[in-house]
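# A look at the structure
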Amino acid sequence: MTLNGEPRTIVGVLAKGFEVPDQSELWVSTIHELPVLPGFLDGLTVRDASYLRAVARLKPGITLARAQAELDAISSRLTKDYPDSNQGHLLRAATLQSTIVGDAREPLLLLLGGVVLVLLIACANVSGLQLARGAAGERDLAVRAALGASRWQLVRQLLIESTVLALFGGALGVVASWWGVKLLVALAGPSLPRSAEVTIDGTVLAFAAGLSMLSGIASGLLPALLASRPRSIAALRTGAMAAAPAHARLRGALVTVEVALAFMLLTGAALLVRSFERLRDVDPGFHAEGVIVLPVSHEEQGAAQFHAELARRVSALAGVHAAGSVFRLPMARSSMTGDITPEGRPPRAGDYMAATQIVAGDYFHAMGIPLLAGRALTAADTKTSARVAVVNQAFARRFFPGADALGKRFCYGVADAHTTEWFTVVGVAADVRQASLAQAAQPEAYYPLEQAPAPPVEMTLVARTDLGFAAFLHALQGELEADQPLTRARTLEETVSTTLQRRRLSMILLAAFSGCALLLA
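A short tour of the structure in this document, coming up. (Residues numbered from 1 in each chain as written. Predicted model: local features only at pLDDT ≥ 70, side-chain atom pairs only at ≥ 80, totals over all residues. Heavy atoms only, no water.)

Next up on the list: the packing of helix 7 (residues 151-188) against helix 16 (residues 501-520). Where helix 7 contacts helix 16, the two axes come as close as 8 Å, and the packing angle between them is 140°. By the criterion of interaxial angle, the relationship of helix 7 to helix 16 is oblique. Along the contact surface, helix 7 presents L184, A186, L187 and A188, while helix 16 presents Q501, L505, I508 and L509. Considering only residue class, the contact of helix 7 with helix 16 consists of seven nonpolar, one polar and no charged. (Axes fitted to C-alpha atoms, helices over the stretch in contact; angles between N-to-C directions. Helix = DSSP H or I, 4+ residues; strand = E, 2+ residues; numbered from the N terminus. Parallel < 35°, antiparallel > 145°, perpendicular 65-115°, else oblique. Contact = heavy atoms within 4.5 Å. Nonpolar A, V, L, I, M, F, W, Y, C, P; charged D, E, K, R; others polar.)

A few words now on the side chain of S75. Take S75: it is sitting in helix 2 (residues 64-81). The class of S75 is buried, set by a relative accessible area of 4%. Setting aside its immediate chain neighbours within four residues, S75 contacts H89, L90 and L91. (Buried < 20%, exposed > 50% of the residue type's maximum accessible area, 1.4 Å probe, protein only.)

Let us now look at the pattern of salt bridges. Applying the stated rule across the entire model yields ten salt bridges. Residue E70 is joined to R66 by a salt bridge in which the shortest nitrogen-to-oxygen separation is 3.7 Å. Placement of both E70 and R66 in helix 2 is noted, with a separation of four residues, approximately one turn of the helix. Each of E309, R312, R313 and E479 takes part in salt bridges that share partners, so that together they form one network. (Salt bridge = Lys/Arg side-chain N within 4 Å of Asp/Glu carboxyl O.)

Let's shift gears to the packing of aromatic side chains. Counting across every chain of the model gives eleven aromatic pairs. Ring plane angle 25° and centroid distance 6.1 Å describe the contact between F410 and F423, whose orientation is recorded as stacked. Note that F410 is positioned in strand 9 (residues 409-412) and F423 in strand 10 (residues 423-429), a separation of 13 residues in sequence. For the pair Y412 and Y447, a centre-to-centre distance of 5.8 Å together with 85° between the ring planes defines the contact as edge-to-face. One end of the pair, Y412, is in strand 9; the other, Y447, is in strand 11 (residues 444-448), with 35 residues separating them in the sequence. (Phe/Tyr/Trp six-rings, centres within 6.5 Å; stacked < 30°, edge-to-face > 60°.)

Moving on, we come to the environment of G344. Relative to the elements of secondary structure, G344 occurs in the loop between strand 5 (336-342) and strand 6 (353-361). Taking relative accessible area as the criterion, G344 reaches 77% and is therefore assigned exposed. As a C-alpha pair, G344 and R409 span 65 residues in sequence and 9.0 Å in three-dimensional space.

What follows is about helix 14 (residues 469-477). Taken residue by residue, helix 14 has F472, L473 and L476 as its buried positions. Relative to the axis of helix 14, the buried residues are bounded by an arc of 100° and lie together on one face. Structural note: helix 14 exposes A470 and H474 on the side pointing more than 90 degrees away from its buried face. Next to the buried residues of helix 14 lie strand 3 (291-297), helix 11 (303-315), strand 4 (320-326) and strand 12 (458-465). (Arc of directions from axis to C-beta.)

Before going further, it helps to spend a moment on the side chain of R387. Here R387 shows up in the loop between strand 7 (371-374) and strand 8 (388-392). Here R387 falls in the buried class, since its relative accessible area comes to 19%. Within the structure, R387 has its side chain in polar contact with the backbone oxygen of K383 (distance 2.8 Å). Not counting the four nearest positions on each side in its chain, R387 is found in contact with T382, E421, W422, F423, T424 and Q451. (Polar contact = N/O pair within 3.5 Å; in protein donor to acceptor, adjacent residues only side chain to side chain.)

The analysis is restricted to geometry; functional conclusions fall outside its scope.
In structure tokens form, the structure reads like this:
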């Protein structure tokens, strides 16, 4: 295969579904073959390069806590030996499981709670039916008791009946879950970690069988105990049994519990729906309608010129209003954050942190990001011109409080006596929510591609167009090199929607559980 224009030989194929780190598809033998930022390899020899992750397998008997204790000792030693570069940088141990799953645990526990409440409501419902059935068959139980059946034998008979019913219900549930799992994975999409591994296996079947038996016992035990009380003589004398007050009280309690649990679920679902609506109404800082995005890469040599020229050519296509390129597309992946030093401030690592955005072409117009003051970055901002940057409102408020940010200067990184490159703020853009709609905007600086501290080899093309998705890709194909893949193209609206996918899944499922609970109640 060809990787970044150079031939590579495939020497191994990993098991299906192996994607560590997340969404990885290809692994190379040396770091020199990675499509990385220029200067990345040099950065590996610099002491303040703190963005890498190490992967290790613990020896048998070594706990994560012990490993963390050793890492703490190493961090302390490094901070003492190298205070300038290691101050504030700690080594944190985490399991691979927690790293992959991330924050998916809480919404899944919420959904599990909804499932448990529905199950309890169903058990209460079945208990009520069992009580009614027991009252109708009480004479039969009395005859059995008169013939010598012990109370335990009567209870056992009733429990077996309820358990058999529960097992049949569990079997039907497992059959339905074959389609339910497919629907769940489709609804979750990439927001659910390891969703490709979600399947019904022996463990799931054993769990379903065990839960069915417990449900049968839970729903049948109290009715069985009440129905098997020693009242057989009175029943045989009268020929019928009047409804026992205990039965009525228990049925009333079961109805109360059902309604209370259903109300809890409905309230939770309503709150989730309201929260989702409010989040969807949040202004992301850009206008996603009519925007198509496509990651495009180029070999290191000439990468900056390639991306700038591509944005210019695409903007000239019929039906395209504006086009640009960006290194970190909002909502697509985490931003690249680093030190900056505002002019006139004491330079200290970690004191002034800002996200780095590298742009080319008419990026702000293409994304619909309003400029609140000054000007946008243009093709005139080249290697040989004065260093300039556009910052967002959060940047201006954080680093130049109470003053007009236009004309102010800052440097990329921690300034020292040898710093000569200072970027002048020529524009202030509206805040953009980079990570998700739920996270507030952070200080952010936009650099021209040719003046960027480290021009990237891969950028995301952004085009605002009236053309349909297929028509735009057809027109774009003539502007790209033959080996550039179009498979990762998507609309910006899809990208934003993906960030809401997990919340949408929780809302839909909890609403469905609430509907079931209401129906049962």
